[in-house]
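The chain contents come next:
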Amino acid sequence: MIIVVLFTLLLLAGVLAASLRLGLSSRQTTADQASTLRAQYAAESGVALARSRLQDVQAMLSFNSPRIVGGAGLKLAPNIKISAVQDWVSRLCGTSTWQDMYEGREANARGFLDRTLDPNDDASEKFYPTAQSCKPANLNSASQFALFSSIVTPEAYQILPSGEAPTAATPEARQAFWQGLLTQRSTSTSGNVNLSTQVGITRVLRLTANHSRIYLGVQRLDSVASEGTGRVQRVINASGTDNGQWWFDIVQPSLLEATVQTDYHTSAAGSVVYFTSRTRFQGPLKTNDVFAFTSTAGSPRFSGKLTSAGCMDRIDNATEITCTRQPGVRLGNPPITNRDFSGTDTAKSTAIQQRILNSGVTVDYSSITPNFAGQYQPFPTNASNQANAANGLDENGQPLVNERGVTLGTTEVGVQLYVGDANGNPITQYDASQRKWVEPNPAYQYIKPATGVSCTSNFDINGCTYTYSNTTYRVDANKSMQQKIGNGAWTSITGKFNGVIYKNGGVSILGPGRGNYTDTNSVAQARPALASFSGITLAATGNVTVRSDLAMSQTPCRYDEYASVQVTPPCSDRQNVMGLFSSAGSVIVGRQAPDNVVLQAAMMSSQQEFTVDGYGDYSRGSRGEVKFTGSLVEKYYGPNGQSSGTSEAGYGRDYSYDRRFLDGLSPPYYPVSPKWDFYDASSRDGDFSDLIWKQGATP
């Protein structure tokens, strides 16, 4: 009995001891769990802090951020030249070299190109076939970050926490700030959290000569935290997601992005230009102004994107032309300007589209969303770059390497362009199936300056008499240039022809004239002014008067058939291109131009208009249509013709955009907008603070 009692007591003691040990262990486990949770929360708070700092960087490198006074994190004065920006961008490559992104692509393989490179997430289908990229290496000098110190606004630095901004408001201090931020691991301690972040430039793109993109990424982020006693530590390792890449573009906008682009979408006299049921432009339309619609004019149709900026005024100061943007639309006849829209630019554009519909106008946008709250694009006001190029100089007045153009002298008032054989005979045979003229071998681009142009006031294709200079030029497919004086022999000229012809004053231009004038297909009878290998820009300070067809040897494809027509070479690979630019005058179709005149060119009248001489002369009657394929920029929407009842005068408009301009083709030294624009990853929903993280080990 005693033994049983003793055994029971021992058993109870064991159970009690075990219970005590289990209780202590449970309390210890609970304490450890609490410590671990505190450490985890601290580590996650470190990630949250890092994300906040990344959002600061994103705001600073955004063209429009509500966190920044004035909204702009990025801005650059318009008088900064392309060559300077190109140098700043190239510095970011360090010791790496530019690589072609699409080297070896098949001809016409537009589908191989990446449309997502277009900063606008829309249906514009802009490609960059000559794009290059580099992966930065050895960014060991602060001066390599001159781009950042030049484009980030002073207001952007104000969003940084105290002590994190550059030490001084000097270019050197800001360059050092960006070098440190983008090349060095940043470490900080907050309480019991140690944070380490590595942000860097992942790649640099040169999409075109005046369009670059910088990519940034979070390469490594470590948040190490412990609870109060230091017994438990938690580590989070993070990096940026694909959506977490942040990029920004710096662009000097092309003025080759629309069938027609106006500064004021009115006549020079201020008359409103309405879109009507007869509106049939092939390709995009843009204006710095607002468009006008009225229900009495029917339902217009557009096959390209509509873009308007809504500028109310133009402010021209010493360094730039700006405008006060207030997106809107003119509705009704007489027109009432509607500008009472609020919210973001996207919200304003959507509301304007609805207001147009509510006014009784049904617009066919061809499933392409219009942008009625676009950006302002000023037009150039001088032709100094073209004058320099014609004289073999760059934009800074320094000699170009082995290239030159043609400067027309004070006695030279016009120029004739045509394609011919070695004896100067113009070509005459058109291959309609391949949409090109048959060139001899070798073929030459002829340039004949005229010293006199005498024209009657009649509408007559033979109404002008030309006196030509004693000097004639010709250029071969290698751009080698020769001249002939009088009846002498052809002699070589030093330097390749860069394609620029410049005249200080007004100038006339004509092609070789028509072959079979009775042919109903004016494109097939307009003999070419430009050879298949030619790119020419005619720039003048005064009026540019077109006195004939201006056609290409290889006919550019029209907008709506660009991707479907089967020709050799393909539409996208045709390289002949022409530009006409008047910096202070108008581009005018003269009375001597034929009916259904063919114009295949980029044309710009940056301070006046594109118009037709005698557009309202009913005694002549209709002259058919302007068969235009290219891109037109004009300050005012100039008249081509006029109608009154059943009577017509001048030309109608048969305008088509040349899509090759979206593929990067441009006339040589063609003007760009005197303004630097910025885009960023927000257009594709980018978020620099978008991270992927996991539990990790102490770095």
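Scroll up a little and you will see the structure.
Residues numbered from 1 in each chain as written. Predicted model: local features only at pLDDT ≥ 70, side-chain atom pairs only at ≥ 80, totals over all residues. Heavy atoms only, no water.

Caption draft 1: Spotlight on the overall build of the chain. Regarding its fold elements, the chain presents eight helices and 39 strands. Across its three principal directions, the C-alpha atoms of the chain cover 140 × 60 × 50 Å. Intrachain contacts of the chain at a sequence separation of at least 6 include 71% that bridge at least 24 residues. Carbon and sulfur atoms form 49% of the exposed surface of the chain, whose accessible area is close to 30400 Å². (Helix = DSSP H or I, 4+ residues; strand = E, 2+ residues; numbered from the N terminus. Contact = heavy atoms within 4.5 Å. Areas by Shrake-Rupley, 256 points an atom, 1.4 Å probe, with all protein chains shown as cover.)

Caption draft 2: Region of interest: the sheet that holds strand S15 (residues 336-338). The three strands lie next to each other as S10-S14-S15, forming an open sheet whose pairing is mixed. Each of the sheet's edge strands pairs with one partner strand only, and the pair in question is strand S10 (292-293) and S15. In the sheet, S10 pairs with strand S14 (residues 329-331) via two bridges, with the strands oriented parallel. From the neighbouring strand, Phe293 faces S14, where its bridge partner is Leu331. Contacting S10, S14 and S15, helix H6 (residues 345-358) crosses the sheet at an angle of about 10 degrees to S14. (Pairing = 2+ DSSP bridges. Axes fitted to C-alpha atoms, helices over the stretch in contact; angles between N-to-C directions.)

Caption draft 3: Local environment of the environment of Ala529. Within the element layout of this structure, Ala529 appears in strand S27 (residues 528-530). Residues Ala529 and Tyr446, spaced 83 residues apart in sequence, show a C-alpha to C-alpha distance of 8.6 Å. Beyond its immediate sequence surroundings of up to four residues, Ala529 is in contact with Leu417, Tyr418, Val419, Gln445, Gly511, Pro512, Leu550, Ala551 and Met578.

Caption draft 4: Broad picture of the pairing of strand S23 (residues 481-485). The sheet contact formed by strand S22 (residues 471-475) and S23 spans five bridges and is antiparallel. Pairing of Val475 across the sheet is with Met481, part of S23. What sits between the antiparallel neighbours S22 and S23 is a turn of five residues, in which Lys479 has the positive phi angle 70 degrees. Two strands pair when backbone bridges link them, and S23 and strand S24 (residues 491-493) are joined in this way by three bridges, in the antiparallel orientation. Counterpart to Gln483 in the pairing with S24 is Thr491. Connecting the antiparallel pair S23 and S24 is a turn made up of five residues, with Gly486 showing a positive phi of about 60 degrees.

Caption draft 5: A look at helix H2 (residues 82-91). Those residues of H2 lying buried are Ile82, Val85, Trp88 and Val89. For H2, the buried positions fall inside an angular range of 125 degrees around the axis, keeping them on one side. (Buried < 20%, exposed > 50% of the residue type's maximum accessible area, 1.4 Å probe, protein only. Arc of directions from axis to C-beta.)

Caption draft 6: Quick look at helix H5 (residues 171-183). Taking 1.5 Å per residue as the helical rise, H5 with its 13 residues ought to reach 18 Å, and the 18 Å between its terminal C-alpha atoms agrees with that figure. Residues of H5 that are buried: Ala173, Arg174, Gln175, Phe177, Trp178, Gln179 and Leu182. (Expected span 1.5 Å × (residues − 1).)

Caption draft 7: Expanded view of the packing of aromatic side chains. Counted by the stated rule, this structure contains 19 aromatic pairs. The structure contains a cluster of three or more aromatic residues connected by ring pairs, namely Phe145, Phe148, Tyr157, Phe177, Trp178 and Phe248. The ring of Tyr559 is capped by Arg659, whose NZ or CZ atom sits 4.2 Å from the centre of that ring. (Phe/Tyr/Trp six-rings, centres within 6.5 Å; stacked < 30°, edge-to-face > 60°. Lys NZ or Arg CZ within 6 Å of the ring centre and 35° of its normal.)

Caption draft 8: Here's a closer look at the nonpolar core. Formed by 62 residues in total, the largest nonpolar core has its most connected members in Leu61, Phe148 and Trp178. At eight residues, the largest contribution of residues to this core is made by helix H1 (residues 2-60). Leaving out residues up to four positions away in the same chain, Trp178 has contacts with Met60, Leu61, Phe145, Phe148, Ser149, Val152 and Tyr157. Counting 57 residues, the second-largest nonpolar core is a separate cluster that includes Phe302, Phe372, Val475 and Val546. (Core = buried A, V, L, I, M, F, W, Y, C linked by side-chain atoms within 4.5 Å.)

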